[in-house]
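# Summary of structural features
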Amino acid sequence: MKPHEFLDAKLLWKIFYANHTFKHAKAAALHIVEKNLTDSDPLFHPLLVSVYVLYARPFTRADGVGNLDEKYVPNQYRSAHKAMLQHRNKVYAHRDAEGFVVEDLGNVNQVRAINDGEKIILMAADLHTRAGAMAGIIELCEALEKKTDGHIGELWAKYNGQIPRKIGEFLLNIADE
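Our subject in this report is the structure included herewith. Just so you know, these numbers come straight off a predicted model, no measurement behind them. (Residues numbered from 1 in each chain as written. Predicted model: local features only at pLDDT ≥ 70, side-chain atom pairs only at ≥ 80, totals over all residues. Heavy atoms only, no water.)

## Notes on the side chain of N19
By the element assignment, N19 lies in helix α1 (residues 3-34). Setting aside residues up to four positions removed in sequence, N19 forms contacts with E145, T148, D149 and I152. (Helix = DSSP H or I, 4+ residues; strand = E, 2+ residues; numbered from the N terminus. Contact = heavy atoms within 4.5 Å.)

So this is what it looks like as structure tokens:
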């Protein structure tokens, strides 16, 4: 394999995997919308976490191939993308005691004592994206799917002739040149 082909193989692996995870993030967000889930539903939080973690996966650590470049994120979605990564890193995948500040709440991650006059209990202040935000997340995932689909198509057209024509499964070589 020539050096540029090896780099293309890594890129194809990276963007194919990214495309796959954007589809899963979108599917989880669609499920929240289609089932009209609210934060009181026991599946709302796990699905919400999966939306954020799956979405961010291509942009975070990826040993062997590297992260997906943020150039894939269309300009009109950059602020939504940054918010997705921030929420993933500070709320959904990790619970940093020093997260970001939310207006009228303070730090996003808090433990509070609540006294209702009869008992005092501890509670985690759970800030969650509401189901209404899913439409924008779905749109972002679709934009990234479209962009990665195009790039996958270009690379596949360039290299699919190198796949053996015998029946079987063939590993995309990203380990050695």
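Here the narrative resumes, following the displayed structure.
## Examining the packing of helix α2 (residues 44-56) against helix α3 (residues 78-92)
When two helices pack together, their arrangement is given by the angle between their axes and by how far apart the axes lie. Running from amino to carboxyl end, α2 crosses α3 at an angle of 120°, the nearest separation of the two axes being 9 Å. Relative to α3, the element α2 lies oblique. Taken as a pair, α2 and α3 cross one another with a handedness that is left-handed. Only H81, M84, L85, H87, R88 and Y92 of α3 make contact with α2, whose side of the interface consists of H45, L48, V49, V51, Y52, V53, Y55 and A56. Of the residues belonging to the contact of α2 with α3, the class tally is 10 nonpolar, 3 polar and 1 charged. (Axes fitted to C-alpha atoms, helices over the stretch in contact; angles between N-to-C directions. Parallel < 35°, antiparallel > 145°, perpendicular 65-115°, else oblique. Left-handed = near helix turned anticlockwise from the far one by under 90°. Nonpolar A, V, L, I, M, F, W, Y, C, P; charged D, E, K, R; others polar.)

## Focus: the pairing of strand β4 (residues 120-125)
In the sheet, strand β3 (residues 110-115) pairs with β4 via 6 bridges, with the strands oriented antiparallel. Looking at β4, one finds that R112 is bridged to M123. (Pairing = 2+ DSSP bridges.)

## Describing helix α4 (residues 134-159)
Taking 1.5 Å of rise per residue, 26 residues should cover 38 Å, and α4 covers 36 Å from first to last C-alpha, within 8% of that figure. Of all the positions in α4, only M134, I137, I138, L140, C141, A143, L144, E145, T148, I152, L155 and Y159 are classed as buried. (Expected span 1.5 Å × (residues − 1). Buried < 20%, exposed > 50% of the residue type's maximum accessible area, 1.4 Å probe, protein only.)

## Structural notes on the nonpolar core
Membership of the largest hydrophobic core comes to 40 residues, with the highest contact counts inside it found for Y55, F59 and L144. Of all the secondary structure elements, the ones that give two or more residues to this core are α1, α2, α3 and α4. Of the residues forming this core, the biggest block, 10 residues, is contributed by α4. In this view, F59 contacts F22, N67, L68, D69, E70, V73, H81, L85 and L144; residues no more than four positions away in its chain are not counted. (Core = buried A, V, L, I, M, F, W, Y, C linked by side-chain atoms within 4.5 Å.)

## Let's talk about the packing of aromatic side chains
Two measures describe an aromatic ring pair: the distance that separates the ring centres and the angle between the ring planes. Applying the stated criterion across every chain yields a total of 4 aromatic pairs. With a centroid separation of 5.7 Å and 40° between ring planes, the pair formed by F22 and Y55 is classed as tilted. One end of the pair, F22, is in helix α1; the other, Y55, is in helix α2, with 33 residues separating them in the sequence. Each ring, one from F22 and one from F59, has its centre 5.9 Å from the other, and the planes form 35°; the classification is tilted. (Phe/Tyr/Trp six-rings, centres within 6.5 Å; stacked < 30°, edge-to-face > 60°.)

## So, a nonpolar patch on the surface
On the surface, a nonpolar cluster with roughly 220 Å² of combined accessible area is contributed by I114, I121 and M123. With respect to the helices and strands, I121 occurs in strand β4. (Patch = residues over 30% accessible without salt bridge, like charges linked within 9 Å, V, L, I, M, F, W, Y side chains within 5 Å. Areas by Shrake-Rupley, 256 points an atom, 1.4 Å probe, with all protein chains shown as cover. Salt bridge = Lys/Arg side-chain N within 4 Å of Asp/Glu carboxyl O.)

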